[in-house]
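Close look at the chain arrangement
Each chain is listed here by its residues.
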Amino acid sequence: MAGNSFGDVFRITTFGESHGEAIGVIIDGCPANITLDESFIQSELDKRRPGQSRITTQRKESDTAKILSGVFEGKTTGTPLAMVIPNEDQRSKDYSHIKDMYRPSHADYTYQMKYGIRDYRGGGRSSARETAARVAAGAVAKTLLAQSDIHIFAHVSGVGKIEAPNLVSHDIDELINIREGNIARCADPATANEMIDFIDSVRKAGDTVGGRISVIIQNTPVGLGEPVFDKLHADLAKAMMGINAVHGFEYGSGFAGSQMQGSEHNDIFVNPKNDAEHLKTLTNFSGGIQGGISNGMDITFRVAFKPVATIMRPQQTVNQAGEASEITGKGRHDPCVVPRAVIIVEAMAALVLADHLLKNRIYETTK
């Protein structure tokens, strides 16, 4: 099974299944002498872990990461950095009823057809449980980016048809405090309350709902991105589309830009500091990326998540013999994935930015 690694210079490989003994990640290419705070890694994992509120899955996992290699006396050594996260609350019996059945909109059928075998316990490798390993790696990437004062903020900007207003403040510390002050992880408190009530009502009805996550990346230097096939926005899109349940990605003006004219959409350059190497634009419809390369403005994008496929209602399906069957979801599942997905989106964005930042350092040494 290929496809378990991500990145070129800053490269991760994840391993493990939802109901196996553990999941984990190996990071290759992390520079040496980065001070690594294990409590920060854990705080990032705590934002993703299950069982944290009434609108998330009630599976109980501490998601405690153990560093196995690549760190000595609190600093990275430049060697492969390995972390493992034990699975503590597996309930495989919750899935015994579907071992011979194909759940609607799951990976059951495709995995069975591709590999001739599948781990039906929580979806095995296809489970979003694997994303905890990405969050752990993302925490390391964020630590690297912080050295260059690059910071990433994501929040839930939409659930179902509920849409949060545009952010008033761009102070990331302030926005994080607001976001972490509610279980919807929305940076607008009034909208958060509306989202929470709606998600709770959907949960009680045995159904699920999708949502959107908006992202701002601040202080990205000019020049990140590798045209033509490794454009920065293309790599961000791949990173986001590789997250479970993601069905859409747009950056800058996104699809709304297709309704505009060029005279409206063009970002006009200005020189506020009288410095030709640090220009700004009056608008940011480009989302901080032009020609696939960062231009120094805030990078902005949105990610759309579909409703979680497991619902607590009877649905028609077929079994492995092709016979018509009925299936009802069991076990512990999120009625809406986006509150826990916020930190996964940030982690994947951090991995992309760290990879491109290190690529640029290679160029700087050869100039």
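Everything here concerns the structure above.
Residues numbered from 1 in each chain as written. Predicted model: local features only at pLDDT ≥ 70, side-chain atom pairs only at ≥ 80, totals over all residues. Heavy atoms only, no water.

Attention shifts here to the overall build of the protein. In terms of helices and strands, the protein carries 8 helices and 18 strands. Expected size for 367 residues packed as a compact globule is a radius of gyration near 21 Å; at 21 Å, the protein falls within 12% of this value. With the C-alpha coordinates aligned to their principal axes, the bounding extent of the protein is approximately 70 × 50 × 40 Å. By residue count, 49% of the 367 residues in the protein fall in the buried class. Sequence-distant contacts, at least 24 apart, represent 71% of the contacts inside the protein between residues at least 6 apart. Entry remark: accessible area of the protein is about 17200 Å², with carbon and sulfur atoms responsible for 52%. Distance between charge centres in the protein, computed from 39 positive and 44 negative side chains, equals 6 Å. (Helix = DSSP H or I, 4+ residues; strand = E, 2+ residues; numbered from the N terminus. Rg over C-alpha atoms; globule rule 2.2 N^0.38 Å. Buried < 20%, exposed > 50% of the residue type's maximum accessible area, 1.4 Å probe, protein only. Contact = heavy atoms within 4.5 Å. Areas by Shrake-Rupley, 256 points an atom, 1.4 Å probe, with all protein chains shown as cover. Lys, Arg positive; Asp, Glu negative; His and termini not counted. Charge placed at Lys NZ, Arg CZ, Asp CG, Glu CD.)

Quick look at the pattern of salt bridges now. Evaluation of the coordinates by the stated rule reveals 23 salt bridges. Close ionic contact of Glu163 with Arg212 constitutes a salt bridge, the shortest N to O distance being 2.8 Å. Within this pair, whereas Glu163 is found in strand S9 (residues 162-163), its partner Arg212 is found in strand S10 (residues 211-218), the two being separated by 49 residues in sequence. Relative accessible area serves as the criterion here: at 41%, Glu163 is assigned to the partly exposed category. Residues joined in a network through salt bridges with shared partners are Glu44, Lys47, Lys142, Arg179, Glu180, Arg185 and Glu346. (Salt bridge = Lys/Arg side-chain N within 4 Å of Asp/Glu carboxyl O.)

Moving on: the sheet that holds S10. Hydrogen bonds along the backbone pair up the strands of a sheet, which may run parallel or antiparallel. Read from one edge to the other, the open sheet built from 5 strands follows the order S9-S8-S10-S16-S11, with strand pairing classed as antiparallel. The open sheet terminates on both sides in strands that have one partner only, identified here as S9 and strand S11 (246-251). The sheet contact formed by S11 and strand S16 (residues 299-305) spans 5 bridges and is antiparallel. Along S16, the bridge assignment pairs Val246 with Phe305. In this fold helix H5 (residues 189-204) packs onto strand S8 (151-159) and S9, with an angle of close to 55 degrees to the strand it touches most, S8. (Pairing = 2+ DSSP bridges. Axes fitted to C-alpha atoms, helices over the stretch in contact; angles between N-to-C directions.)

For the rest of this paragraph, the subject is empty space enclosed by the protein. Left-over empty space is what a probe sized like a water molecule reveals as it rolls over the atoms. According to the stated counting rule, one finds 3 cavities of 30 Å³ or more in the structure shown. Considering only enclosed or pocket space, the largest cavity measures out at about 110 Å³ in volume. Along the wall of the largest cavity there are 15 residues; nearest its centre are Arg103, Thr310, Ile327, Thr328 and Gly329. Residues of the lining of the largest cavity, tallied by class, amount to 6 nonpolar, 7 polar and 2 charged. As for the second largest cavity, its lining consists of Arg103, Ala107, Asp108, Tyr111, Arg118, Asp119, Tyr120, Gly123 and Ser126. (1 Å grid on protein atoms, 1.4 Å probe; cavity = no way out; pocket = protein on both sides within 12 Å on 5 of 7 lines; lining within 4 Å. Points joined across faces, edges and corners; volume = space filled by probe spheres on them. Nonpolar A, V, L, I, M, F, W, Y, C, P; charged D, E, K, R; others polar.)

Below, the discussion takes up unusual backbone geometry. Along the chain, Pro227 connects to Val228 via a cis peptide bond; the corresponding omega equals 10 degrees. Tracing the backbone shows Val228 in the loop between S10 and helix H6 (232-241). In this model, Asp63 sits at a positive phi of 50 degrees, which is unusual for a non-glycine residue. Take Asp63: it is sitting in the loop between helix H1 (38-48) and strand S4 (66-69).

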